[in-house]
Amino acid sequence: MGIPVFAWDREEDPLGRAMGRIVWIASYPKSGNTWTRAFLHNLFRDPASSWDINRMLLLSSNEAAIAHYTALDPRPWTEWSHDDVAAMRPRVHRNIAASKPHTVFCKTHVHVGHVRGFPTINVEVTAGAVYLLRNPLDVVESYALHQGLTLDRTVEMMTMENFETPNSESHVNEPMGSWSQHVESWTGRPSPGLHIMRYEDMLARPLKAFGDLVTFLQLKTPRDRIARAVKNSGFRVLQHQEQKYGFYEKTPAQDRFFRSGKAGGWKDVLSDDQVAAICDANREQMARFGYLPERYA
């Protein structure tokens, strides 16, 4: 089964090559992005057993990966300003789209908007987007462990308007904004080219959640193949792969990338003050997606 080519999905790049457009796999960090990409790889490759999680770049890309930017500016990344990165980002997106003659799946954690006069998402090479979101109260602990930060610092980051990550040796800076700013930027305007998936629904009804994704992508896929991809990208399967082979997305701060994969763990981890800070700063978007605890409604 090949990757679908949407009706609006082809053009030529400046060199005259046929090029695809990007379907963004977008999310605030620790919201199901890796899980979704693992499902897509298992769906398209349809292996007898789970597809190797360390080979996911064969099908999907990461717009913040440093290599995309060094191709445009060979200076050491330590010499790049955030202005430099902002100016390169639209060209990086065009290069990613031009890398394939068909649809390109690409991971991103940036919010949709303009930073330093440049778009964070190049809509000219965009076919559509799959947006993953998760209860921000559960994101706190997972993101804190991912980055090696305290819960308080992570709460501060998630409630900070226009928050940006720094450049690093593996990734350029990512303008994420606050959790609400991120969610609103991607989901605030309904579009036929946007598909929203809640992490909690993926956990509770994976076959339906991922089946709906397949429908959005305009794929005519047998139900048994979808079910097989769901099984081969299940949390325990991915966890076993990481334990056996490691995982390239694990940070030095993490003991393991795939931890519990559950919902509602925040109740045993966050203090009342931390919960209140997240809810007070993100009330509208949390209520919109059913994440606001009753006592804060």
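In this text, all values refer to a predicted model and were calculated from it rather than measured experimentally.

A. Broad picture of helix α1 (residues 33-45). Taking 1.5 Å as the rise per residue, α1 with 13 residues should run 18 Å; its terminal C-alpha atoms sit 18 Å apart, in good agreement. With 12 of its 13 residues buried, α1 lies for the most part within the structure. Buried within α1 are the following residues: N33, T34, W35, T36, R37, A38, F39, L40, H41, N42, L43 and F44. Backbone geometry just downstream of α1 places D46 in the positive-phi region, at approximately 50°.

B. Fine view of the side chain of N33. With respect to the element layout, N33 can be found in helix α1. Under the relative-accessibility criterion, N33 is labelled buried at 4%. Within the local environment of N33, its side chain forms a polar contact with the backbone oxygen of I25, the two atoms lying 2.8 Å apart.

C. Looking closely at the packing of helix α6 (residues 179-187) against helix α11 (residues 272-288). Closest axis-to-axis distance for the α6/α11 pair is 8 Å, and the angle between their directions is 40°. Put simply, α6 runs oblique to α11. The element α6 and its partner α11 pack so that their crossing is left-handed. Between α6 and α11, the contacting residues are W179, S180, V183, E184 and T187 on the first element and A281, N282, Q285, M286 and R288 on the second. Looking at the contact of α6 with α11, its residues break down into 4 nonpolar, 4 polar and 2 charged.

D. The arrangement of the nonpolar core in detail. One finds I22, W24, L137 and M286 to be the most contacted residues of the largest nonpolar core, which totals 46 residues. For L137, the residues in contact, after removing those within four places along its chain, are W266, L270, V275, I278, C279, M286 and P293.

E. Summary view of the packing of helix α8 (residues 206-216) against helix α9 (residues 223-232). Closest axis-to-axis distance for the α8/α9 pair is 10 Å, and the angle between their directions is 120°. Crossing of α8 over α9 shows right-handed handedness. Within the contact between the two elements, α8 uses P206, L207, F210, G211 and V214 and α9 uses R223, I226, A227 and V230.

F. Summary view of the sheet that holds strand β9 (residues 194-198). With respect to topology, 5 strands assemble into an open sheet ordered β4-β5-β3-β8-β9, the strand pairing being parallel. The outermost strands of the open sheet, each flanked by one partner alone, are β4 (60-62) and β9. With strand direction ignored, the average angle separating the axes of adjacent strands in the sheet is 25°. The pairing of strand β3 (residues 22-27) with strand β5 (residues 104-108) spans 5 bridges and is parallel. Paired with W24 across the two strands is C106, which belongs to β5. Along the sheet face, α6 touches β3, β5, β8 (126-133) and β9 and points at about 140° away from the line of β8. Each of β8 and β9 is contacted by α8, which is oriented at about 170° to β9, the strand it contacts most.

G. Fine view of the pattern of salt bridges. For the structure shown, the criterion picks out 12 salt bridges. Here R116 and E164 are joined by a salt bridge, their closest N and O atoms 3.1 Å apart. Linking R116 in the loop between β6 (114-115) and β7 (118-119) with E164 in the loop between α5 (151-158) and α6, this pair joins segments that are 48 residues apart in sequence. Each of D46, R225 and R228 takes part in salt bridges that share partners, so that together they form one network.

Thresholds, definitions, all that
Residues numbered from 1 in each chain as written. Predicted model: local features only at pLDDT ≥ 70, side-chain atom pairs only at ≥ 80, totals over all residues. Heavy atoms only, no water. Helix = DSSP H or I, 4+ residues; strand = E, 2+ residues; numbered from the N terminus. Expected span 1.5 Å × (residues − 1). Buried < 20%, exposed > 50% of the residue type's maximum accessible area, 1.4 Å probe, protein only. Polar contact = N/O pair within 3.5 Å; in protein donor to acceptor, adjacent residues only side chain to side chain. Axes fitted to C-alpha atoms, helices over the stretch in contact; angles between N-to-C directions. Parallel < 35°, antiparallel > 145°, perpendicular 65-115°, else oblique. Left-handed = near helix turned anticlockwise from the far one by under 90°. Contact = heavy atoms within 4.5 Å. Nonpolar A, V, L, I, M, F, W, Y, C, P; charged D, E, K, R; others polar. Core = buried A, V, L, I, M, F, W, Y, C linked by side-chain atoms within 4.5 Å. Pairing = 2+ DSSP bridges. Salt bridge = Lys/Arg side-chain N within 4 Å of Asp/Glu carboxyl O.

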